[in-house]
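Chain by chain, the residues run as shown.
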Amino acid sequence: MFFFILMQPEQLISVLRCMKPKQTDDKLRRIEKLVKLLDEQFRLPGTNFHFGVDPILNLIPVAGDVSGFLISGALLLTMARHGVSRKVVILMALNVFLDFVIGGIPIIGQIFDFFFKANKRNLSLLRKHYIEGKYSGSGKDVLIILGLILIIFFILSIYLLVKLFQWFFGLF
């Protein structure tokens, strides 16, 4: 105990950051397992290339993209509840948004989904927050705004897809 009194404030802060509670470690491990399942569960034989369930789901038109988006969104909300900074929340939401938007483009999106691993990127941001102590604060208000924007974009995408199908089948 006396050792902590003799330390400089910067040294004390770095020591305290290393003393994370067990609860944080358990939450991080659960998130890591889910991210591994989604982005890195399988390895292409003879290579170091890993992929998960997310790009496989995205091979199913619309339903796969929506399910991947919902899972990534739920994972993002879980991560955001643990007090990451606004900047991290915005970066995480941007990763999910890019994965959904570009992943929804036929053929190009399916290829993109195998290489752009939004959940793995978000886990890396979260790990920097928890382990390295780089970020602090809460971004819940920004997440709500981004969530609303994403929901509006999702509804608009579904509407445009329905209109496209109506136009296409109206040609015959």
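Described below are features of the structure shown in this document. (Residues numbered from 1 in each chain as written. Predicted model: local features only at pLDDT ≥ 70, side-chain atom pairs only at ≥ 80, totals over all residues. Heavy atoms only, no water.)

## Focus: the overall build of the protein
Within the protein, the secondary structure is distributed over nine helices and two strands. In the protein, the succession of helices and strands from N to C terminus is α-α-α-β-β-α-α-α-α-α-α. Here the protein holds 172 residues, and the buried ones make up 30% of them. Considering only intrachain contacts with a sequence separation of at least 6, the fraction spanning at least 24 residues in the protein is 63%. Taken as a whole, the protein presents about 11200 Å² of accessible surface, with 71% of it coming from carbon and sulfur. (Helix = DSSP H or I, 4+ residues; strand = E, 2+ residues; numbered from the N terminus. Buried < 20%, exposed > 50% of the residue type's maximum accessible area, 1.4 Å probe, protein only. Contact = heavy atoms within 4.5 Å. Areas by Shrake-Rupley, 256 points an atom, 1.4 Å probe, with all protein chains shown as cover.)

## Focus: unusual backbone geometry
Notably, V62 is not glycine yet its phi reads approximately 60°, a positive angle. Note on placement: V62 falls in the loop between α4 (53–57) and α5 (63–80). For V62, a relative accessible area of 37% gives the class partly exposed. A positive phi angle, near 65°, is found at I107, a position not held by glycine. With respect to the helices, strands and loops of the structure, I107 is situated in the loop between α6 (86–103) and α7 (108–115). Given a relative accessible area of 65%, I107 falls into the exposed group.

## So, the layout of surface pockets
Approximately 530 Å³ is the volume attributed to the largest pocket. What lines the largest pocket is a set of 21 residues, among which V62, D65, G104, S157 and L161 lie closest to the centre. Listing elements by their share of the lining of the largest pocket, those giving two or more residues are α5, α6 and α9 (140–170). Residues that form the lining of the largest pocket fall into these classes: 16 nonpolar, four polar and one charged. As for the second largest pocket, its lining consists of 13 residues, and the residues nearest its centre are F69, G73, L77, G147 and L150. Looking at the lining of the second largest pocket, the elements that each hand over two or more residues are α5, α6 and α9. Of all the elements, α5 adds the most residues to the lining of the second largest pocket, at six residues. (1 Å grid on protein atoms, 1.4 Å probe; cavity = no way out; pocket = protein on both sides within 12 Å on 5 of 7 lines; lining within 4 Å. Points joined across faces, edges and corners; volume = space filled by probe spheres on them. Nonpolar A, V, L, I, M, F, W, Y, C, P; charged D, E, K, R; others polar.)

## Description of the environment of L34
Relative to the elements of secondary structure, L34 occurs in helix α3 (residues 22–39). The spacing of L34 and N119 is 85 residues in sequence and 8.9 Å in space, taken between C-alpha atoms.

## Here we look at α7
Every buried residue belonging to α7 is among G109, Q110, D113 and F114, and all of these are buried. Each buried residue of α7 lies within a common arc of 145° when the element is viewed along its axis, so the set occupies one face. Every exposed residue of α7 that faces more than 90 degrees away from the buried side is listed here: I108 and F115. (Arc of directions from axis to C-beta.)

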